[in-house]
Amino acid sequence: MTASKTAAAVKPARAARKEPPAETAAEASELMMGELSELLGYALKRAQLRVFEDFLQSVAPVQLTPAQFSVLLLLDANPGRNQTEIATTLGILRPNFVAMLDALESRGLCQRTRSPSDRRSHILVLTDKGRATLARAKKLVATRHEARLTELLGRDNSAALLAILAKIAREF
C-alpha cells in the first residue's frame, strides 16, 4: 500500500463522523441573559419592540408608524394646534417631527398653515383623507393590535399595565 492509501484507510470518512445532536447545538448557541433578564428597562424595550412590530403588521394596509398614528390622533382631538405643541406632547424632537410632517403632508393626510396669531408658527389640521385614513387605522388598531394585547394580558392586567406605564411616563 502506498502512503496515501494507508492514510485514507485509517482516516474516517467525513460522512461517518459523529455530529453533535441538533438540540445540543441549538442550546449552545443561545446566550445566557444573566442580569439583563432582571432589568425593567431592558424588559420594557424588548416588549416595545415586539409591540411596535405587531402594530406595524396590524396597520400595514394604511402604512402608518406608531408615531404617525399618534400624530394623527392628536391632530384629530386637537384641531388647529401648532406643530410645537404636538411634537412636545409626543416627545418628538423638532427635526424628526418636521420630517414626519413632511411625509404625512406629502401623502395628503395633514396640512400646515401659518398661524394667524404667530407668523413663526404653523397650525396643523387633518385633511379629509387624513380623517379617513385615521378612521381606518383606528379600526385596525382596535380589532387587531389592541385586541391581541388584551387577549394576551386579559382586561384587568391590560388596565393595570396601562396605569403603571402612565405612572412611569409621568413620574420617572
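For the structure itself, look to the data block above.
Because the structure is predicted, anything quoted here is derived from the model rather than measured.

(A) Fine view of the packing of helix α4 (residues 66-77) against helix α6 (residues 94-106). In the contact formed by α4 and α6, the axes pass within 11 Å of each other and the chain directions differ by 80 degrees. Here α6 runs roughly perpendicular to α4, going by the angle between their axes. Each of Ala67, Gln68, Val71 and Leu72 in α4 lies in contact with α6, whose residues at this interface are Phe97, Met100, Ala103 and Leu104. Across the contact of α4 with α6, the residue classes break down as seven nonpolar, one polar and no charged.

(B) Fine view of the packing of helix α3 (residues 40-58) against helix α7 (residues 128-153). Contact pair α3 / α7: the axes reach a minimum separation of 9 Å and the direction vectors enclose 150 degrees. With respect to α7, the axis of α3 lies roughly antiparallel. When the axes of α3 and α7 are compared, the crossing they make is right-handed. Along the contact surface, α3 presents Val51, Asp54, Phe55, Gln57 and Ser58, while α7 presents Leu140, Val141, Arg144, His145, Arg148 and Leu149.

(C) Local environment of the side chain of serine 158. Along the chain, serine 158 falls in helix α8 (residues 155-171). A distance of 2.8 Å separates a polar side-chain atom of serine 158 from the backbone oxygen of glycine 154. The residues touching serine 158, leaving out its near neighbours within four places in the chain, are Leu149, Thr150 and Leu153.

(D) Local environment of the environment of phenylalanine 55. Along the chain, the position of phenylalanine 55 falls in helix α3. The class for phenylalanine 55 is buried, based on a relative accessible area of 5%. Remark: the alpha-carbon pair of phenylalanine 55 and histidine 145, spanning 90 residues in sequence, is separated by 5.8 Å. Ignoring sequence-local partners within four residues, the contact set of phenylalanine 55 consists of Leu64, Thr65, Pro66, Phe69, Val141 and His145.

(E) Spatial organisation of helix α5 (residues 83-90). If you check which residues of α5 are buried, you get Gln83, Ile86 and Ala87. Along α5, the residues classed as buried sweep out an arc of 95 degrees about the axis, all on the same side. Among the exposed residues of α5, those pointing more than 90 degrees away from its buried face are Thr88 and Thr89. Residues of α5 that are buried make contact with α4, α6, β1 (110-114) and β2 (122-126). Where α5 begins, one side-chain oxygen reaches toward the backbone nitrogen of threonine 84, 3.0 Å away; that side chain belongs to asparagine 82. Residue glycine 91 follows α5 closely and has a positive phi angle near 70 degrees.

(F) Highlighting α3. Across its 19 residues, α3 extends 26 Å between first and last C-alpha, which sits within 8% of the 27 Å expected from 1.5 Å per residue. Within α3 the residues assigned to the buried category are Asp54, Phe55 and Ser58. What you see down the axis of α3 is that its buried residues fit within an arc of 100 degrees, all on one side. In this structure, the buried residues of α3 make contact with α4 and α7.

Reading the values: the criteria
The numbers attached to residues start from 1 for each chain and follow its sequence in the written order. This being a predicted model, a pLDDT of at least 70 is required before a residue's local features are given, and a value of 80 or more before pairs of side-chain atoms are given or counted; all residues contribute to the totals for chains, interfaces and linings. The side-chain values count all of the structure's non-hydrogen atoms but skip hydrogen atoms and water molecules. Note on geometry: axes are lines fitted to C-alpha atoms, helical ones only across the stretch in contact, with angles between N-to-C directions running from 0 to 180 degrees. Note on conventions: DSSP H or I runs of at least 4 residues are helices, E runs of at least 2 residues are strands, and numbering of each starts at the N terminus. Between 65 and 115 degrees an angle is taken as roughly perpendicular, under 35 as roughly parallel, over 145 as roughly antiparallel, and anywhere else as oblique. We call two residues contacting when some pair of their heavy atoms lies within 4.5 Å. Each residue receives one of three labels: charged for Asp, Glu, Lys and Arg, nonpolar for Ala, Val, Leu, Ile, Met, Phe, Trp, Tyr, Cys and Pro, and polar for the others, Gly being one of them. Each crossing gets its hand from how the near helix is turned against the far one by less than a right angle, where anticlockwise is left-handed and clockwise is right-handed. Distance and chemistry together define a polar contact, namely a pair of N or O atoms within 3.5 Å, with one atom able to donate a hydrogen and the other to accept it when in protein, and with adjacent residues in sequence counting only for side-chain atoms on both sides. Exposure categories follow from relative accessible area, calculated using a 1.4 Å probe and restricted to protein chains: below 20% of the type maximum is buried, above 50% is exposed, and the middle band is partly exposed. By construction, the arc corresponds to the directions joining the helix axis to the C-beta atoms. In this scheme, a helix's expected span is set at 1.5 Å multiplied by one less than its residue total.

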